[in-house]
Amino acid sequence: MSVPGPPSPDGVLAGPPEVLEAGDLTPGLSDTSPDEGLIEDLTVEDKAVEQLAEGLLSHYLPDLQRSKQALQELTQNQVVLLDTLEQEISKFKECHSMLDINALFTEAKHYHAKLVNIRKEMLMLHEKTSKLKTGWLWKGVEFQRLVWTRTPDQQPEMDGQGWGQARYERELKRLGSQQASPLQLHTGASLTAKSHYEVLVLGGGSGGISMAARMKRKVGAENVAIVEPSETHFYQPIWTLVGAGAKPLSSSGRPTAKVIPSGVEWIKARVVDLNPDKNCIHTDDDKKISYKYLIIALGIQLDYEKIKGLPEGFAHPKIGSNYSVRTVEKTWKALQDFKEGNAIFTFPNTPVKCAGAPQKIMYLSEAYFRKTGKRPKANIIFNTSLGAIFGVKKYADALQKIIQERALTVNYKQNLIEVRADKQEAIFENLDKPGETQVISYEMLHVTPPMGPPDVLKTSPVADAAGWVDVDKDTLQHKRYPNVFGIGDCTNLPTSKTAAAVAAQSGILDRTISLIMKNQRPVKKYDGYTSCPLVTGYNRVILAEFNYNAEPLETFPFDQSKERLSMYLMKADMMPFLYWNLMLRGYWGGPAFLRKLFHLGKS
């Protein structure tokens, strides 16, 4: 096969045209490459390859690293975006549940308006009844005047005037029945001094007042009396907010005379002795009062003096306690005066009323410090004699999360035994190592005092070995004296001592006494329901509700272990309204009916 000549300047091949021979596939191409020999002779050094690779890497590596960093930032932003999206979804769900709560409050307002109208109608009926009663009383007086100004021999003349002997007897019987009418307006304690009552209530707190109102409807106001020395009745659950500056102290109290049910006699004295074997009690003004049924609602006793240096230490600044009307405002003053250092909150080695209150003020104080810019200078310490932050695991887990998020210090098994208020020092004993103590200086100290049964109960026949009223945990009837009953903080019921527990107990005790009065056996059982609105901030509450077994017994159809604004509003505003207007009047026995409603009939 011939090889073509060199190309001409115009690009046309020079030389004779190529003739295709048999076996040639393509014109102008040979079977062998012209560079074949050169490739076989070419050798490549490893060092050159390595240098070439390094050069390529040095050229492209910065761009690759920048791309990698950009991808990492993008991935991180996507994670943050997903977390934010999840939070927004949870907030949306909460807002959805808030709409349900708002609907509930709207419904509550609707029924409240109905209750107000019913109350107005009852007042009008009461007014009409009073007028009728006054008219009949005057007729009775006139009738008796006519009777006693005439001698027996004048009776026939009276017969002729329509005042015959038979009618005379009928009038006396009718007047007597009217005086016993349940519509009679009772004037209370000041008119006649009595020494015997069908129902005698010891204590004018939440349990005593609510039970007196219930018993008044059963046996009549004139047959019920309350023994209570205090001039003022306080709604103590609100003191948590008073100590944090969120409510004024004046909003928590009303005159005792205003809350005692009308017509029920108020014996303004202190009980000094109980004699259930003789169905009587003695007061500090040397009076003996007997009863058919006795309800003991004496509450719990504050024992500040069991801490060395108290209560005289409250005369110094930087120290307060939300458990006493005399010291609750000192808590708010100490909170305002805080500059920097340790803010200490305590829980004693005894039963207490509202076991959540000692830590509620801690959360509120932390929120106040954050609000005022003092949080970085505050070391917040909760020293508790208990071994856990809360007795119900569901709510304890939620509180532990808050404690970690807010960097709060919690020390367990630490009991306050002494306060050196002049030096601003608190001394704690390690309950796991008796005798071992620790001195901690403080810039603010909130004291929860040791508590116990009232002294009058400790040596009484109605008390158990620890001094509490010994009642059946299901019926609230005394275990040894069938005509004696207990309610509230003074009893040995194995549940938390709260106003919510008293409300639930009042409904059960009402039914128990009703059946006992009819010589029947009580059947309704108290499940130990109690509630503790755990205030975790100035607009957040975890609503803890549980029973004897420390099992959640929640009212609302959502997770109550989460902090909610709606529950704070209920704690701060709705519950006081229920207390003053329903519970103390004997119309509120707890939210059991609401629980069944919200949970479709399930308990």
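It should be noted that the structure appears before, not after, this text.
These remarks concern the structure in this document. (Residues numbered from 1 in each chain as written. Predicted model: local features only at pLDDT ≥ 70, side-chain atom pairs only at ≥ 80, totals over all residues. Heavy atoms only, no water.)

## Re the pairing of strand β11 (residues 341-347)
So, point 1. Across the seven residues that make up β11, a large majority, six, are buried.
So, point 2. In this sheet, strand β12 (residues 378-384) lies alongside β11 in parallel orientation, the contact comprising seven bridges. By the bridge assignment, A343 is partnered in β12 with I380.
So, point 3. Following the chain from β11 across helix α9 (residues 357-372) to the adjacent parallel β12, one finds a crossover that is right-handed.
So, point 4. As paired strands, β11 and strand β17 (residues 444-446) are joined by three bridges and run parallel to one another. Note that in β17 the partner of F345 across the bridge is H446. (Buried < 20%, exposed > 50% of the residue type's maximum accessible area, 1.4 Å probe, protein only. Helix = DSSP H or I, 4+ residues; strand = E, 2+ residues; numbered from the N terminus. Pairing = 2+ DSSP bridges. Right-handed = clockwise from strand over helix to strand, strands pointing away.)

## Here we look at the pattern of salt bridges
So, point 1. Summed over the entire model, instances satisfying the criterion amount to 19 salt bridges.
So, point 2. With a shortest N-O distance of 2.5 Å, D337 and K333 are connected by a salt bridge. In this pair, D337 and K333 both sit in helix α8 (residues 328-337), four residues apart, roughly one turn of the helix.
So, point 3. Classification of D337 by relative accessible area gives partly exposed; the value is 26%. (Salt bridge = Lys/Arg side-chain N within 4 Å of Asp/Glu carboxyl O.)

## Remarks on the sheet that holds β17
So, point 1. Within the open sheet, the five strands sit side by side as β10-β17-β11-β12-β13. Their pairing is parallel. Strand pairing shows two members of the sheet lacking a second neighbour, β10 (319-320) and β13 (409-411), which therefore form its edges.
So, point 2. As judged from the three bridges shared by β12 and β13, these two strands associate in the parallel manner. For N383, the partnering residue across the bridge sits in β13 and is N411.

Interpretation in functional terms is not warranted from these geometric data alone.
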